[in-house]
Amino acid sequence: MPRIALVTGKRAAPRLRDLASMLSEKTGWVFEVIEAPVEVAALIPRELLRRVLMEHKGRYDLVIVPGTLGYSVDELEDAAGAPVVKGPEEPGTLLLLVELGEQGLEELKRLKRLEPSLMLDKWLEELRRYHEESPGVEVCGVKVPLRPPPLVVVAEVYVEQGEDHVEEAAEKAGELLRRGADIVVAGFSSSWSTDEALKALSRVVEAVGRPVAIDTPDRVLAAEAVSEGLACLVFTLGMDDPLFDVLPRGTAVVVAPYGKGYSLPAEPSERAEKLKHLVEKAQERGLVPVADPVLTAPGYGFGESIAAYYMASRIIKDTPILAGIANVYELVDADSPGQVAVLTQLVAELGASILLVTEESRKTTMAVTEAAIAATMTGISLLKKRPPKDLGIDLLLAKEKRPQPPPRLPRRRDKVFDASILAAWHGFRQDLTGSHLITVEKDEIRDIYIGRKGVVEIRGTRGEEIYKAAAFLGLASEPSHYAYLGYELCKAEAALMLRRSYVQEKPLLAPPWTRCKYYSAGSKRVVSLQKEN
């Protein structure tokens, strides 16, 4: 029977004792609280912690210290006579120990920190089993649950006219399936002829190796695509759509409460009622409906559409609900990862089990993969009844959950220099060996040297490999030039990973608080952060 100590300060000790009692009851293990003689657990000095652990040496199989400590605990095991690991920042997360089991306890000792990532594989397996057992309908070979979890990611690719554009769309469709989409939709405008569109659709289907969904205003094209086995789902049938009487029984269709000219009812309740009528109509015709209350763009009734989802999910019980979250994030100038995460959780809690996503603008590159991650976060959140936080997966991009402890630095300093002053005195020194032009193109970094050894290009995906190759080939001689290459190649590698543009000697990231102004309601004036910082 494992014996586990929970170290804390005076202020948190009562709560930790309650948690220890609960953990002992649920696991059968022995949990005890060690109270350090400080008020706040995060402020326990390293040497004091060492002395506290020495007083209890050998009594426990594992010691869990506060996760808020700002230093490493790797050197404290000798003092404790047992493995020492950091706990979570939020004490309630200690309840993860209930699900870990003794095998997970060994993994915890190895990783040195109690984090939800220890549970991720277990939660994902639970999500898979729940998916298998929950009621749903099959759409394009994918089991779509009537209500989440999990969520199905449907990605739309718009096919433009022209052979090259068709090939690009086919390649894009295959790429989206590889990086998160469960189903691909091929979108066609009204400018296509039916025959040409069918040829293009065939190419997309060939590229992905299976039928795809189709979104087109051409009703003849939609019917033919289904008839020829190219389309497995048809978007979007409105109130008087002729496809209700044309499509063969068993065809999956998305229905939405559109009237003439793609108008929508103003009242959320009316939108939900019309959607229910459409679902019933599709079922009467032997079709397999997917209900879309339509997520309206921000500024055009986004709030009302949320209300429509709430109402529709309560009056339509036996049909999956779709949410086109791209209608929102494509029309907001904010990074897509955070938007996708919040929108996914929102629509899932409103009953949607299908996300329709696109990557139509440069700012939404990788949104399909972001949606796949968000769908997993939300799936676990709903399954475990916990916020989509501390799950072992996330959509954090530029920000971090917690600061990393700095390295231990020598206390002694022989000299201290101000870099800005030295840089001003040093100035620019030309490297007579040659110069370098750095670009990011087609998923790789290119360093083009122009100098005494001719014109040489080095290609790669890692900045470190490129500057090492440049050094091996002798394509620089000045130490400051090598430092410059490392600096620029690091930026280029980051741009490659983030799928951002890279421009040599220009900043890679410019956070909004360094370039935007805002209106302050409190002071009734416009504030420019760039000037005030």
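Residues numbered from 1 in each chain as written. Predicted model: local features only at pLDDT ≥ 70, side-chain atom pairs only at ≥ 80, totals over all residues. Heavy atoms only, no water.

(A) Expanded view of the overall build of the protein. Along its length, the protein carries 17 helices and 19 strands. In terms of principal-axis extent, the alpha carbons of the protein reach across some 85 × 75 × 55 Å. Split into buried and exposed, the 533 residues of the protein put 46% on the buried side. Long-range contacts, defined as pairs at least 24 residues apart, comprise 58% of the intrachain contacts of the protein with a sequence gap of at least 6. Of the side chains in the protein, 68 bear a positive and 77 a negative charge, and the two mean positions are spaced by 7 Å. (Helix = DSSP H or I, 4+ residues; strand = E, 2+ residues; numbered from the N terminus. Buried < 20%, exposed > 50% of the residue type's maximum accessible area, 1.4 Å probe, protein only. Contact = heavy atoms within 4.5 Å. Lys, Arg positive; Asp, Glu negative; His and termini not counted. Charge placed at Lys NZ, Arg CZ, Asp CG, Glu CD.)

(B) Spotlight on the state of the cysteines. Taken as a whole, this structure holds one disulfide when the rule is applied. The side chain of Cys140 participates in a disulfide bridge whose partner is Cys232; the two sulfur atoms lie 2.0 Å from each other. The sign of the 95° torsion about the S-S bond sets the Cys140-Cys232 disulfide as right-handed. A residue pair is termed long-range when its members are at least 10 positions apart, and Cys140 in the loop between strand 5 (136-139) and strand 6 (142-145) and Cys232 in strand 10 (residues 231-237) qualify at 92 residues. Judged by its relative accessible area of 18%, Cys140 is buried. Taking the relative accessible area as the measure of exposure, Cys232 reaches 18% and is therefore buried. (Disulfide = S-S within 2.5 Å.)

(C) Quick look at the sheet that holds strand 15 (residues 434-441). Strand order in this open sheet of three strands is 15-16-17, and the pairing throughout is antiparallel. With partners counted over all chains shown, the strands left at the sheet margins are strand 15 and strand 17 (454-460), one partner each. The average angle at which neighbouring strand axes cross in this sheet is 20°, direction not considered. Bridge analysis of strand 16 (residues 444-451) against strand 17 gives seven bridges, and the strand direction is antiparallel. If you follow Gly451 over to strand 17, its bridge partner there is Gly454. Those strands touched by helix 15 (residues 463-473) are strand 15, strand 16 and strand 17, and its axis lies near 150° from that of strand 17. Packing against the sheet, helix 16 (residues 479-498) makes contact with strand 15 and strand 16, and its axis sits at approximately 10° to strand 15. (Pairing = 2+ DSSP bridges. Axes fitted to C-alpha atoms, helices over the stretch in contact; angles between N-to-C directions.)

(D) Layout of unusual backbone geometry. Cis geometry marks the peptide bond from Pro148 to Pro149; its omega dihedral reads 5°. Mapping Pro149 onto the fold places it in the loop between strand 6 and strand 7 (152-158). A cis amide bond links Pro149 to the next residue, Pro150, at an omega of -10°. As for its placement among the helices and strands, Pro150 is situated in the loop between strand 6 and strand 7. Phi at Cys140 is positive, roughly 55°, even though this residue is not glycine. Backbone geometry places Lys442, a non-glycine residue, at a positive phi of 50°. Along the chain, the position of Lys442 falls in the loop between strand 15 and strand 16.

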